[in-house]
Amino acid sequence: MDGKITRNIGKTKSITSLKGKPKIAYLSMEIGIDEHIPTYSGGLGILAGDTIKSCADLNVPIVGVTLLCENGYFYQKIDENGNQIELPIQFAISDLLELLPSTTSVTIEGREVKLRVWYYQFKGINGYVVPVFFLDSNIEGNDVWDRELTKHLYGGDNKYRLAQEIILGIGGIRMLQALGYKTIDKYHMNEGHAALGTLELYRQLNDVEKVRKQCVFTTHTPVAAGHDQFELSYAKSMLGDILPEGILDDITFENKLNMTRLALFFSHYVNGVAKKHGEVSRLMFPGYSIDSITNGVHTSTWVSEPFQKLFDKQIPGWRSDSYMLRSAFSLDKDEIWNAHMDAKKKLINFVNERYNAGMNYNDFTIGFARRQTAYKRPDLLISDPNRLTQIAEKAGPIQIIYAGKAHPKDGSGRDVIKKIFEIMKTIQGKVKITYIQNYDMMIGKMMTAGTDIWLNTPRRPREASGTSGMKAAHNGVPQFSTLDGWWLEGHIENITGWAIGPEKTEDEESDDEKDRNDLYNKLETWIIPKFYGDRDNWVRTMRSCIAINASFFNTDRMVQQYVLNAYFR
Ligand SMILES: *Cc1c(COP(=O)(O)O)cnc(C)c1O
């Protein structure tokens, strides 16, 4: 307790000294900045956390705003038949965050909903502090339903979602003002969830151009159905007067308030999260100017301890300058392999101890971890168990480690987990497969560093960017993936990894049968033989993953592009 109180006093001091300086507010429904704060579901939240970390490292004057999500996303358990069970997470909120005295409120369905705020600080490599604010509606005086609004990330129905978006967007901007920030003049909406913030700015400024000057929008969804929208009459009843009659035509589509279109209308700068995703977004929303800034990951967060040691010794300065990882080309191959084996042993020990997986340190290990949903085809690799078994017999032993949660309401995502469990049983003894439950930042770090190859099989063009393959690259782990998202930029065949499926016809929808064949053929004829038979060449590929991809696909580079292209433009 003593430690906590001292730390809290420190926090309060630093927030006071920062007040008045930040220029940018970063609003995101989820922020995954700390392993112990489970207020993220996946890629979007981890990206937000990594963004804030790089801003802190680079002294970028930004503040983060998100929802508290007292029960996080959910804790995943899977029974022996592959049924996903969702349990609430309890985290030590008051040990990790500091409750501040500031309050504000929003109007939902005509009711006043009071908000309070929790504070977290991330200290960058040079000591520069970026605050993150977690909005909380669970306070006395609020209606029972309203008190639940900051409990579950992506929980509840459409109404719950819209109420959460009112809190994030409108409440977020009001809270920053209640906290005394006076110099923020850029609001970065990370995905459409925060788009209602534009209505609060419009209410205050009463001038579309003025709002536009202040708003930056990053879209993450290359599928039309993935964009939040609400029937206009319903949105009106929830939002009330803040929905401006005069511009309704501009911000609705097919009589729905569409959060992406709202953000597009009010932003002076809009981007997708990889070059291809920029193109796809321009086709989806003709008439808007949409740029692209390819995602990255926060280098020192995702480099495993063994590689941290190696880089500290051989590439001093890499922690404050991710571009220095270019010089990984000069790393000793034995040292790379030894660092990899250390990271791999940690993962293998983990699955052997926890799941009795019986895996070996020396066997070729494939990793696949991400949100489990149909378009990512998690079962593509194991969908022909006979073929896979033959490959293992011919080319060498194969181990597969899976992880990932399905959204509770994604029926086909839940089904795919069951399918993996079914195949796991039929293939037992021939190919070792294990499924690590409750995928989170800790597991993600262990898996991206400890597997030999990182597999990704999205149906094109559904993967906006993907970032776990970038984490793998930071640990010298090559990616094997369909050419979608960031991989179109990071893939050099046989040098940074391998492609699955056709290269030239990238605008075609993926063909499962063709992709499966290509996946198996490459494993059998190129990848596994190289792993077992030409270690020197394999480690050279590992090295170029670090030198070519980690040095570029990091959030230091990404944040610098946001600063130049979005924030100060
Ligand atoms: C990195 C990460 C993700 C996102 O990975 P993608 O490749 O973008 O799907 C999701 N969840 C966790 C826990 C992660 O660490």
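This structure is a prediction, so every number in the text was calculated from the model and none was measured.

Trainee: Just checking my understanding: could you explain the environment of P88 for this structure?
Mentor: Turning to its location among the elements, P88 is positioned in the loop between β4 (84-87) and α3 (93-96). Given a relative accessible area of 52%, P88 falls into the exposed group. Each residue touching P88, except ones within four places of it in the same chain, is listed here: N71 and Y75.

Trainee: Explain the pattern of salt bridges here, please?
Mentor: Oppositely charged side chains can form a pair if their charged atoms are brought close together. All chains considered together, the criterion is met by 29 salt bridges. Among the salt bridges present, the one from K522 reaches E493, with a minimum N-O distance of 3.1 Å. Placement of the pair is K522 in helix α20 (residues 512-533) and E493 in the loop between α19 (487-490) and β20 (497-500), with a sequence separation of 29 residues. Note on E493: relative accessible area 30%, which makes it partly exposed. Members of the salt-bridge network, linked through shared partners, are E109, R111, D143, D146 and K159.

Trainee: What is the right way to look at the domain arrangement of the protein chain in this model?
Mentor: Quite often, the size of an interface is put as the accessible area lost when its parts meet. When its domains are assigned, the protein chain resolves into domain 1 (25-296 + 558-567) and domain 2 (299-553). Relative placement of domain 1 and domain 2: their C-alpha centres are 30 Å apart. Interface area, domain 1 with domain 2, both sides summed: about 3200 Å², of which 54% is carbon and sulfur. Contact with domain 2 buries surface across domain 1, with Q76, I78 and K276 losing the most and accounting together for 18% of the total. Applying the counting criterion to the domain 1 and domain 2 interface returns 1 salt bridge. In this structure, R414 and E86 form a salt bridge, with 2.6 Å as the shortest nitrogen-oxygen distance. At the boundary of domain 1 and domain 2, one finds 17 residue pairs in polar contact (both at pLDDT 80 or more). Secondary-structure elements contributing two or more residues to the side of domain 1 that touches domain 2 are α2 (43-57), β3 (75-78), β4 and α11 (275-284). Of the residues in the side of domain 1 that touches domain 2, the class split is 14 nonpolar, 13 polar and 11 charged.

Calculation criteria
- Residues numbered from 1 in each chain as written.
- Predicted model: local features only at pLDDT ≥ 70, side-chain atom pairs only at ≥ 80, totals over all residues.
- Heavy atoms only, no water.
- Helix = DSSP H or I, 4+ residues; strand = E, 2+ residues; numbered from the N terminus.
- Buried < 20%, exposed > 50% of the residue type's maximum accessible area, 1.4 Å probe, protein only.
- Contact = heavy atoms within 4.5 Å.
- Salt bridge = Lys/Arg side-chain N within 4 Å of Asp/Glu carboxyl O.
- Domains from an automatic or database assignment.
- Buried area = accessible area lost by both parts, 1.4 Å probe.
- Polar contact = N/O pair within 3.5 Å; in protein donor to acceptor, adjacent residues only side chain to side chain.
- Nonpolar A, V, L, I, M, F, W, Y, C, P; charged D, E, K, R; others polar.

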